[in-house]
Amino acid sequence: MRKIDPFHYGRIEKDEVNQQAFENYFQLIDEAERFYNDQIRRVVKSMSTGKDKTDVICLSGPSASGKTTTAHTLARHFISSGRRAMVISLDDFYLDTEKTPLNRKGKPDFETIYSLDIERINLCIDELVNKGKTLMPIFDFGSVDEAKPLLRQYNWGYDPTNYNVPEGSYSTDPTRGEVRIRECREMIAALHAAGIGVVMDVVYNHMYRNENPLNDTVPCYFFRQNEDGSFSNGSGCGNEFASERPMARRYMIDSILYWAQEYHIDGFRFDLMGLYDVETINAVRAALDTLPGGRDILMYGEPWQGGGSQLHRYEANKANLAMLNDRIGIFCDDTRDTIKGGCFNAREPGYVEGRPGSFWDIGGAVAAWCRSDRLPPHAPSQTVSYVSAHDNFTLWDKLLLVRYEKPEFTAADSTALAQNRLAAGIYLTSFGLPFLQAGEEFARTKKGVGNSYRSSPALNRLDWARARQYHALVDYYRGLLALRAAFPRLGTTDRHAPEALQFFSLEQPLVGWQLPAQWGDGAAWQALCVFYNPTEISKVVPLPVGRWQMLSDGISSSLWRGPARVYEHEAVLMPYSATIFGQI
């Protein structure tokens, strides 16, 4: 077949190229789609250091000897291309202690690392609801040189080069493709053994460079183009994945199924989910649901884009939330910005910092916006309620930037600490799926840096000394999470559940509400009654009729575990507090 120049897929005019080349090119695409469906889905490539060598690792199938073979079609292709091909079974990925670096106890170093990390994770979130942990990108990314020490370079990893391969810089031996696979699987298994679920942050929306394996396979097919033939850049990273095209969609779905089946990933967080079409995202959900236990696999993502896109179909964004499967969630920036203020303006306050009039939207956030026209009709569980993630300022930094012209980020600040507790008290007592940035529970700071994607490891790493310094804040998060788990209705998927919220008429800017438990769901209390006070003074509020046990006073969230403190008629709210009562 003759070689033709890459062109704008789907927009080529017949007079631009030879008609025969035009027909040959699309015949090639048809053949590639058939070949993909029949062959490529059975294998996965594993990169080695430098990205210049490709190992073909067969995770299952008849070839389990670990020897080089040309039995597989794809293996023959790589050998004919002059690259090294190896088809081996994961059954051969045993722990070779003679070749693995040992510590003084005679165990592999990476097992020690896993144990240490799990111990630290449990230090702060051992009572996290469903014990879920989201890993930022762990598949092969291009901004880090795997041949160099990781401490001398840093990147979050939102620049994928191979969607189906673990990143080698995290492995003990990036020169051997099978090592990263084995160690990644063992890491996930160790987290599962500790009772922690693993959600994988996936970045299918673009690739690190325009020159990449997908463009090499079928030029200009896997990525959208502008009218002039240049790559559309809705990701803000140079290109964007064309999820609406059949082979691209199938590739993406199969890749996700591969991670779910071979690595036992418990959930997927989609970076820039607004760059995918609704049909593809729903197809991913449907495909996961066919797996054993697949309906329990989480799916949620960012319902926005990183720039103008050539996706001319329904995007998987907030505006089209009603078109998404009701078990696909979205990060709710409305909740985030209402509680703490806008993320792009460091000085803009939110409700917890005293922004006038913001109390109106707090009710919307509590109800997961199911009683508001801000979002289309949806289930409350589709709303990911949060105030901080890896992007933008940490919650602690944001609070200080609003309060001070020149904050001292490492200094203890009692007001910011109280506002931190209030922010957590709001989103952790709201309907929806709660999400928090690692370290938020001990006042994590990046010293005012709003985008640390390639800042130093010292700035990005978790400061475990702060976990000890702010152990009371850690305990506050732990108690809130356990309290929430004891009142299951807040995590319901029932679209009508938020209708049961009864909001009180209180002086501004106080917010208060009552929610009865769902009959038969095992709730520890007959109802919850919650008040938010964002002011610097104490406030007296009336209580609904009945006997109410104080569960949290805004400082301690574990009062419900001790002797009952029962209130009737009225109660006092402390400054900057979320006060929670349970009806008994």
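In the block above lies the structure referred to throughout.
For clarity, every value in this text was computed on a predicted model and none was experimentally measured.

## Things to note about the overall build of the protein chain
A count of helices and strands for the protein chain gives 14 helices and 17 strands. Across the 584 residues of the protein chain, 55% fall into the buried class. A fraction of 71% describes how many contacts in the protein chain between residues 6 or more apart in sequence connect residues 24 or more apart. Working note: accessible area of the protein chain is about 25,500 Å², and carbon and sulfur atoms make up 50% of it.

## Some words on the packing of helix H11 (residues 414-427) against helix H14 (residues 471-485)
Following both chains from N to C, one finds H11 and H14 inclined at 15°, their axes separated by 10 Å at the closest point. Here H14 runs roughly parallel to H11, going by the angle between their axes. Relative to H14, H11 is oriented so that their crossing is right-handed. Where H11 abuts H14, its residues Leu 417, Asn 420, Arg 421, Ala 424, Gly 425 and Tyr 427 lie against Leu 473, Tyr 476, Tyr 477, Leu 480 and Arg 484.

## Describing the sheet that holds strand S11 (residues 511-516)
Here we have 6 strands laid out as an open sheet, ordered S10-S11-S12-S17-S14-S15, and antiparallel in their pairing. Two strands bound the open sheet, and with one partner strand each, they are strand S10 (502-503) and strand S15 (566-567). Against the sheet, helix H9 (residues 359-366) contacts S10, S11 and strand S12 (527-533), and its axis sits at roughly 20° relative to S11. Lying on the sheet, H11 is in contact with S12 and strand S17 (577-583); it crosses S12 at an angle near 145°.

## Describing the environment of Gly 512
In this fold, Gly 512 is placed in strand S11. Classification of Gly 512 by relative accessible area gives buried; the value is 2%. Counting along the chain gives 20 residues from Gly 512 to Tyr 532, while the straight-line C-alpha distance between them is 6.4 Å. When near neighbours in sequence (up to four residues on either side) are disregarded, Gly 512 contacts Gln 502, Phe 503, Phe 504, Leu 506, Val 530 and Phe 531.

So, how was this worked out
Sequence order as written defines the numbering, with residues in each chain counted from 1. Owing to the predicted nature of the model, reporting of local features is limited to residues with pLDDT of at least 70; listing and counting of side-chain atom pairs is limited to 80 or more, with chain, interface and lining totals taken over all residues. In computing side-chain properties, one takes all heavy atoms of the structure into account and sets aside hydrogens as well as water. Helix numbers and strand numbers start at the N terminus; a helix is a DSSP run of H or I with at least 4 residues, a strand a run of E with at least 2. Exposure categories follow from relative accessible area, calculated using a 1.4 Å probe and restricted to protein chains: below 20% of the type maximum is buried, above 50% is exposed, and the middle band is partly exposed. Residue contacts are counted whenever heavy atoms from the two residues lie within 4.5 Å of one another. Areas reported here follow the Shrake-Rupley algorithm with a probe of radius 1.4 Å; residue values treat only the protein chains shown as occluding. Inter-axis angles, ranging from 0 to 180 degrees, are taken between N-to-C directions of lines fitted to C-alpha atoms, where helices are fitted over the stretch in contact. Relative orientations are named as follows: roughly parallel for angles under 35 degrees, roughly antiparallel for angles over 145 degrees, roughly perpendicular for angles from 65 to 115 degrees, and oblique for any other angle. When the near helix sits turned anticlockwise from the far one by under a right angle, the crossing is termed left-handed; a clockwise turn instead gives a right-handed crossing. Two strands form a pair only when DSSP identifies at least two bridges running between them.

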